[in-house]
Structures are given as structure tokens and as C-alpha cells.
Amino acid sequence: MGDMDGQVDHYIILGLPSGAEGSQISEKEITKAYRKKALELHPDKRPDDRNAHSDILQLNASYEILKDEKARKLFDDLLRIRRDKQKAQEEEQIISMKLKEEIARIRAMQANKVASATPTQRKEATVGGWESSMDGGGSGLDKEKVLKVSWEKIGDDYSAQRLRELFEKFGKVEDVVIKSSKRTLKRGSALVVMASKDAAVAATGTVCGDLTNPLLVLPLQPAVATAFTRPHEQHVEPDGPKLNNLVGAGYQSFEASVLKKMMQKV
């Protein structure tokens, strides 16, 4: 009986327009088209055509579907879905092509930014809970220019700007890095990078800041001592905590992470 699985467009078989236009054709017009097509495809008029018999069978099958109201409605729905699917595929291809173009544009823009960026461009760095704005540059970071600063968190706290103003009395300040960890609720700490060793030495051991909450200022890397100790003198540990323990292990971890970040900058 021909192809009855919906893969054939029955309107085309009868020589009628398909799609949305075909669904509006009346049953009378369908019958008229069938009769006309049946005369054209009749096997008696095509004695040498091997497909004559199968063509007339397909014509009859298509006509049976289109003249049945329920079957025709289902077939119209099937054609509509096919049209929507084809349209969706075309739109998908267009959108996919546009997306590829946008991705290529974004990558090219990022590549241009990297190529045009300068080594001294300002970067915001977050390392192990420490946040800093690195402004300085140079060929390397001299640890003897770095000061460890700590204070008790009582009364007004010390900001990076406040610390910069205080230490600029001893010389130019290149950078100030304040710890922002939640663990430092009772004690504040920071690293202050001076522009010169002399400025760092001048600030070391001084009492600065508010008298009610003074700053403890220590060198990150003390200068090598030039004085000699007599052989018979024994080294005596001073009372109180050792130098490296004044600000705690957390501060030492902070030093390592920030210094590493600073070294990567240069």
C-alpha cells in the first residue's frame, strides 16, 4: 500500500501544496486533485513504466489519509513539527556560528590586553588571607628595608594610610601590607616596606603611633652585626619571648607569603 509511516508528504503525492497552505485545502479540492492525478498515473497510460503500479498504490494510500479527518489532522501536526524542527536547527546553526565569533573576539581582546599590559601595572593580590596593593617595582626586594609592625587592637585601629603617614617621618614608604585575617582579633600586624635601608634602620626600635597603643617595630631581617663578642662571654637569652615569637607564627607565615608575592611582582 505504499509508505504509510509518515515519511511521505501526501499533499505532494496528490500534486497539492504542502505545509500550512496544504492544511487549509478543503476535502473537495483533495478529491478533485486525486482524480486528476489518478488519470495521469494510471498503469494503462504507462505500460512501459515499472513504477506505474507502485505509484498508483501510493496515490491511493495518500488519498485515504488526507480524506480521513483524524488522520489528516495528525499528518498536518507532523508536518508542522518537522517545519519547527528544521527552523530550530537553522537557528541553532546561526547562533552557534555567532557564538564562535564572539568567543574568538573575546580571546583576541584578552590577548591584546596581555600584550599591552606594562610590568608596573597596578595589581590587587590576595595571598593566604592577606590583601595588599602593590605599588612598587624594581629589580628585587631587599628584606633589610622591610619592617615588621604590630600593635594591640584597642581603641582606634591602625589603617594602611595611617601607618604610611607615621613611617614617612623616617623616609619614603614604598608599600604597607596589613593583615586581614579573622584570627587577629586582639592584635594587629603589618609589613612596611621602606624605600631605603637607612630609613628602615631609623624606624627600627622607635616608639611611634599613639602613646596609648604604641607600635612595636622590628626589622624583618636585621643587619649583620659588626661588633665582636669576647670569647669568655656567654650569650644570655633575654627575659621574655624571643624576637621571632613577638608577633606569633601566623605573622611569620604571613611574611613568607607576602614576600613571595612581592618577589613575583618584580
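Just so you know, these numbers come straight off a predicted model, no measurement behind them.

Looking at the overall build of the protein
Then comes step 1: Check the secondary structure of the protein and you find eight helices and seven strands.
Then comes step 2: Relative to its 266 residues, the protein shows a buried fraction of 29%.
Then comes step 3: Looking at the protein alone, contacts between residues at least 24 apart form 69% of all its contacts between residues at least 6 apart.
Then comes step 4: As displayed, the protein has an accessible area near 18500 Å², and 53% of this comes from carbon and sulfur atoms.

Topic: the sheet that holds strand β6 (residues 208-210)
Whenever strands of a sheet pair, they do so through backbone hydrogen bonds, lying parallel or antiparallel.
Then comes step 1: Strand order in the open sheet formed by five strands is β4-β5-β3-β7-β6, with antiparallel pairing between adjacent strands. Because the sheet does not close on itself, it has two edges, and the strands there are β4 (173-178) and β6. For this sheet the average axis-to-axis angle between neighbouring strands, irrespective of direction, equals 25 degrees.
Then comes step 2: Where strand β3 (residues 146-152) meets strand β5 (residues 187-194), seven bridges bridge the pair, whose relative direction is antiparallel. Within β5, the position partnered with Glu-152 by the bridge is Arg-187.
Then comes step 3: In the packing of helix α6 (residues 160-167) onto the sheet, contacts are made with β3, β4, β5, β6 and β7 (213-219), and the angle to β4 comes to roughly 140 degrees.

Points about the environment of Leu-66
Then comes step 1: Here Leu-66 lies in helix α4 (residues 52-67).
Then comes step 2: Among the residues examined, Leu-66 registers a relative accessible area of 2% and is labelled buried.
Then comes step 3: Residues Leu-66 and Asp-76, spaced ten residues apart in sequence, show a C-alpha to C-alpha distance of 9.5 Å.

Examining α4
Then comes step 1: Here α4 contains 16 residues, and its C-alpha end-to-end distance of 23 Å stays within 8% of the 22 Å for a straight helix at 1.5 Å per residue.
Then comes step 2: Taken residue by residue, α4 has Ala-52, Ile-56, Gln-58, Leu-59, Ala-61, Ser-62, Tyr-63, Ile-65 and Leu-66 as its buried positions.
Then comes step 3: The inward-facing, buried residues of α4 abut α1 (10-13), α3 (27-41) and α5 (69-116).

Section: the pairing of β3
Then comes step 1: The buried fraction of β3 is high, at six of seven residues.
Then comes step 2: Looking at chain direction, β3 and β7 are connected through four bridges and run antiparallel. What sits directly across from Ser-150, in β7, is Leu-216.

Some points on the packing of aromatic side chains
The description of an aromatic ring pair uses the distance of the two centres, along with the angle that the planes make with each other.
Then comes step 1: Within the structure shown, the criterion is met by four aromatic pairs.
Then comes step 2: Centre to centre, the rings of Tyr-11 and Phe-75 are 5.9 Å apart; their planes meet at 35 degrees, and the pair counts as tilted. Placement of the pair is Tyr-11 in helix α1 and Phe-75 in helix α5, with a sequence separation of 64 residues.
Then comes step 3: Note on Phe-75: relative accessible area 5%, which makes it buried.
Then comes step 4: For the ring pair Tyr-34 and Tyr-63, a centre distance of 4.0 Å and an interplane angle of 5 degrees mean the geometry is stacked.

Describing the packing of α3 against α4
The packing of two helices is summarised by the inter-axis angle and the distance between the axes.
Then comes step 1: Between α3 and α4, whose axes approach to 10 Å, the crossing angle comes to 175 degrees. On the basis of their axis angle, the class for α3 and α4 is roughly antiparallel. Along the contact surface, α3 presents Glu-27, Ile-30, Thr-31, Tyr-34, Lys-37, Ala-38 and Leu-41, while α4 presents Ala-52, Asp-55, Ile-56, Leu-59, Asn-60, Tyr-63, Leu-66 and Lys-67.

Observations concerning the pattern of salt bridges
Two side chains carrying opposite charge are able to pair once their charged atoms lie near each other.
Then comes step 1: Considering all chains together, one arrives at ten salt bridges under this definition.
Then comes step 2: When the shortest N-O distance is used, the salt bridge between Lys-67 and Glu-64 registers 3.6 Å. Separated by three residues within a single helix, Lys-67 and Glu-64 lie in helix α4, roughly one turn from each other.
Then comes step 3: Overall, Lys-67 belongs to the partly exposed group, its relative accessible area being 36%.

Description of the pairing of β5
Then comes step 1: Across the eight residues that make up β5, a large majority, seven, are buried.
Then comes step 2: Of the strand pairs in this sheet, β4 and β5 are connected by five bridges, and their pairing is antiparallel. Bridged to Asp-175 within β5 is Val-193.

Examining the nonpolar core
Then comes step 1: Leu-147, Val-149, Leu-163, Phe-167, Met-194 and Leu-215 are the most contacted members of the largest nonpolar core, which has 19 residues in total.
Then comes step 2: Put simply, the parts of the chain that give this core at least two residues each are β3, α6, β4, β5, α7 (197-203) and β7.
Then comes step 3: Apart from residues lying up to four places away in sequence, Phe-167 is in contact with Leu-147, Val-149, Val-173, Val-192, Met-194, Ala-203, Cys-208, Leu-215 and Val-217.
Then comes step 4: Core analysis: the next-biggest nonpolar cluster, separate from the first, contains 15 residues, Ala-38, Leu-41, Leu-59 and Leu-66 among them.

Section: the confidence of the model for the protein
Then comes step 1: In the predicted model, the protein carries a mean pLDDT of 76, and the fraction of residues at 70 or more is 69%.
Then comes step 2: Note on residues 122-139: pLDDT under 50 across the span, and 42 contacts to partners over four residues away in sequence or across chains.
Then comes step 3: Counting contacts from residues 225-251, a segment whose pLDDT is below 50, to residues more than four positions away or on other chains yields 18 contacts.

Reading the values: the criteria
- Residues numbered from 1 in each chain as written.
- Predicted model: local features only at pLDDT ≥ 70, side-chain atom pairs only at ≥ 80, totals over all residues.
- Heavy atoms only, no water.
- Helix = DSSP H or I, 4+ residues; strand = E, 2+ residues; numbered from the N terminus.
- Buried < 20%, exposed > 50% of the residue type's maximum accessible area, 1.4 Å probe, protein only.
- Contact = heavy atoms within 4.5 Å.
- Areas by Shrake-Rupley, 256 points an atom, 1.4 Å probe, with all protein chains shown as cover.
- Pairing = 2+ DSSP bridges.
- Axes fitted to C-alpha atoms, helices over the stretch in contact; angles between N-to-C directions.
- Expected span 1.5 Å × (residues − 1).
- Phe/Tyr/Trp six-rings, centres within 6.5 Å; stacked < 30°, edge-to-face > 60°.
- Parallel < 35°, antiparallel > 145°, perpendicular 65-115°, else oblique.
- Salt bridge = Lys/Arg side-chain N within 4 Å of Asp/Glu carboxyl O.
- Core = buried A, V, L, I, M, F, W, Y, C linked by side-chain atoms within 4.5 Å.
- pLDDT = per-residue confidence, 0-100.

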